[in-house]
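Here are the chains, one letter per residue:
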Amino acid sequence: MCELFGFTAEKETVINEYLEEFYRHSNEHPHGWGLVCLEGNEAFIEKEPIQASKSKYLEERMTAPIDNRNLFAHIRYATIGNVDYRNCHPYTRKDMRGRRWTMIHNGTIFEYPQLDKYFRLQEGDTDSERILMYIVDRINDMTRERGKDLKPRERFALIDEIVSDMSTGNKLNLLLYDGEYMYVHTNYKDSLYYLEKQEKGNSVMFSTQPLSTEEWKKVPFTTLMVYQDGKPVYTGEAHGNEYIDNEENIKFLYQTFSNL
């Protein structure tokens, strides 16, 4: 599976140490890496369809301080989608009001018919890209219905509804940023952790695996969490849709991967 990393904080904080440890895991996730620094409505994305530990570009990039308030990183183990640039995370899109949505995903959508129409519309061929396209379309639909920009709690309620529904029978670990808030969700046990720090104001980072000997905790399970500036602001209702590997899904992944 892929691995995710996210960071949100009150103040800009150098986090190279954690990113370096995160990218070391690429030996087991060799199909691409990504990094995005998020500043308000802007997303500065860097990514390559090669193993992170073999990237000369990333090696040079990590020699400079990486000190943003909001950031995502991703290393890919391809299950759906070929190994090429278009299929590397993060993904980003703007909604009809110009709000930018940026997402990284770890998981597989085995069945969710609402995503099917995006097969012919997406640039790459991953289910992750289709998830983001669907989220933005749902945001646009509600915006048209209301006739005005959605308020933060309305955006949260809609994303909560989407992840609750989509997580049924599907593996849906994701980090999503809307220019103001960071949304965090996992429904696969022991696959997403967080670390809170207050050294330079509030900050919290998320990772598929703990990246240090500090006190990492498990992200609340089957529950959408929303953060702003390193602090939790919204918590969804636990939907209970735990993803558990089964023989049929493992066979599907093996067959899909063998055709990449």
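Preceding this section is the structure that the text describes.
About the criteria used
Counting restarts for each chain, with residues numbered from 1 along the sequence as it is written. For a predicted model such as this one, the threshold for reporting local features is a pLDDT of at least 70, and the threshold for listing and counting side-chain atom pairs is 80 or more; totals across whole chains, interfaces and linings nevertheless cover every residue. Side-chain descriptors were evaluated using all non-hydrogen atoms of the structure, hydrogens and water having been removed beforehand. By this definition, two strands are paired if DSSP reports at least two bridges between them. Helical segments are the DSSP runs of H or I of at least four residues, strand segments are the runs of E of at least two, and each set is numbered from the N terminus. Working convention: axes come from line fits to C-alpha atoms, limited for helices to the stretch in contact. Angles between N-to-C directions cover 0 to 180 degrees. The contact criterion used throughout is that any non-hydrogen atoms of two residues lie within 4.5 Å. To pair, rings of Phe, Tyr and Trp, with the six-membered ring standing in for Trp, must have centres within 6.5 Å; the planes then decide the type, stacked if under 30 degrees apart, edge-to-face if over 60, and tilted in the middle. Note on exposure labels: buried denotes an accessible area under 20% of the residue type's maximum, exposed denotes more than 50%, and partly exposed covers the range between, all computed with a 1.4 Å probe on protein chains only. Placement of a charge over a ring requires the Lys NZ or Arg CZ to be within 6 Å of the ring centre, with the centre-to-atom vector within 35 degrees of the ring normal. The term nonpolar core refers to a set of buried residues drawn from Ala, Val, Leu, Ile, Met, Phe, Trp, Tyr and Cys, joined through side-chain atoms within 4.5 Å. Working definition: a disulfide is two cysteine sulfur atoms within 2.5 Å of each other. An angle below 35 degrees is read as roughly parallel, one above 145 as roughly antiparallel, one from 65 to 115 as roughly perpendicular, and any other as oblique. Crossing handedness follows the turn of the near helix against the far one: under a right angle anticlockwise gives a left-handed crossing, and clockwise gives a right-handed one. All amino acids are sorted into three groups, where Ala, Val, Leu, Ile, Met, Phe, Trp, Tyr, Cys and Pro are nonpolar, Asp, Glu, Lys and Arg are charged, and the leftover types, Gly among them, are polar.

Draft legend 1. Structural view of the sheet that holds strand β7 (residues 171–177). One open sheet holds the 6 strands; their spatial order is β5-β6-β7-β8-β12-β13, and the pairing between them is antiparallel. Single-partner strands in this sheet number two, and they are β5 (91–94) and β13 (231–235). The average undirected angle you get between the axes of adjacent strands in this sheet is 25°. Direction of pairing for β5 relative to strand β6 (residues 100–108): antiparallel, over a ladder of 4 bridges. Each bridged residue has a counterpart across the sheet, and for Tyr91 the counterpart in β6 is Met103. Relative to the sheet, helix α3 (residues 127–146) contacts β5, β6 and β7, its axis offset from that of β6 by approximately 135°.

Draft legend 2. Expanded view of the packing of aromatic side chains. Within this structure, the stated rule accounts for 11 aromatic pairs. On the numbers, 5.7 Å between centres and 15° between planes, the contact of Phe110 with Tyr243 is stacked. You can see Phe110 sitting in the loop between β6 and α3 and its partner Tyr243 sitting in the loop between β13 and α5 (247–258), a full 133 residues away along the chain. Take Phe110 and Tyr243: they sit in the same class, and that class is buried. Measuring from centroid to centroid gives 5.8 Å for Tyr112 and Tyr134, while their planes differ by 80°, and the two rings are edge-to-face. On the criterion of sequence distance, the pair formed by Tyr112 in the loop between β6 and α3 and Tyr134 in helix α3 is long-range, its members being 22 residues apart. The pair formed by Tyr112 and Tyr134 is uniform in burial state, with each residue classed as buried. An aromatic cluster is present here, built from Phe5, Phe22, Tyr23, Trp33 and Tyr57 joined pairwise through their rings. Lying across the ring of Tyr85, Lys47 places its NZ or CZ 5.2 Å from the centre. The cationic tip of Lys171 hangs over the ring face of Tyr188; the distance from NZ or CZ to the ring centre is 4.3 Å.

Draft legend 3. Region of the structure containing unusual backbone geometry. Looking along the chain, the bond that leaves His89 and enters Pro90 is cis, with omega of 5°. Within the secondary structure, Pro90 is located in the loop between β4 (70–75) and β5. Phi angles above zero are rare outside glycine, and Asp190 is one such case at about 55°. Owing to a relative accessible area of 48%, Asp190 belongs among the partly exposed residues under this scheme. With a phi close to 55°, Asp229 is a non-glycine residue in the positive phi region. Note on placement: Asp229 falls in the loop between β12 (225–228) and β13.

Draft legend 4. Examining the nonpolar core more closely. Trp101, Ile159, Met166 and Leu176 are the most contacted members of the largest nonpolar core, which totals 30 residues. Setting aside its immediate chain neighbours within four residues, Met166 contacts Ile109, Tyr112, Leu115, Ile131, Tyr134 and Leu172. With 23 residues, the next largest nonpolar core counts Phe7, Leu35, Cys37 and Ala52 among its residues.

Draft legend 5. Representation of the state of the cysteines. Here the structure, examined in full by the defined rule, presents 0 disulfides. Not engaged in a disulfide, the cysteine Cys2 finds its nearest cysteine sulfur in Cys88; these two sulfurs lie 9.7 Å apart. Left unpaired, Cys37 is separated from the closest cysteine sulfur, that of Cys88, by 17 Å. According to the relative accessible area criterion, Cys37 is buried, its value standing at 6%.

Draft legend 6. Examining the packing of α3 against helix α4 (residues 152–166) more closely. α4 packs onto α3 with a crossing angle of 135° between their chain directions and a minimal axis gap of 11 Å. The angle between α3 and α4 places the two elements in the oblique class. Once α3 is placed against α4, the crossing between them reads as right-handed. Side by side, α3 and α4 meet where Ile131, Tyr134, Ile135, Arg138, Ile139, Met142 and Arg146 of the first sit next to Glu154, Leu158, Ile159, Glu161, Ile162 and Met166 of the second. The residue inventory of the contact of α3 with α4, partitioned by class, reads 9 nonpolar, no polar and 4 charged.

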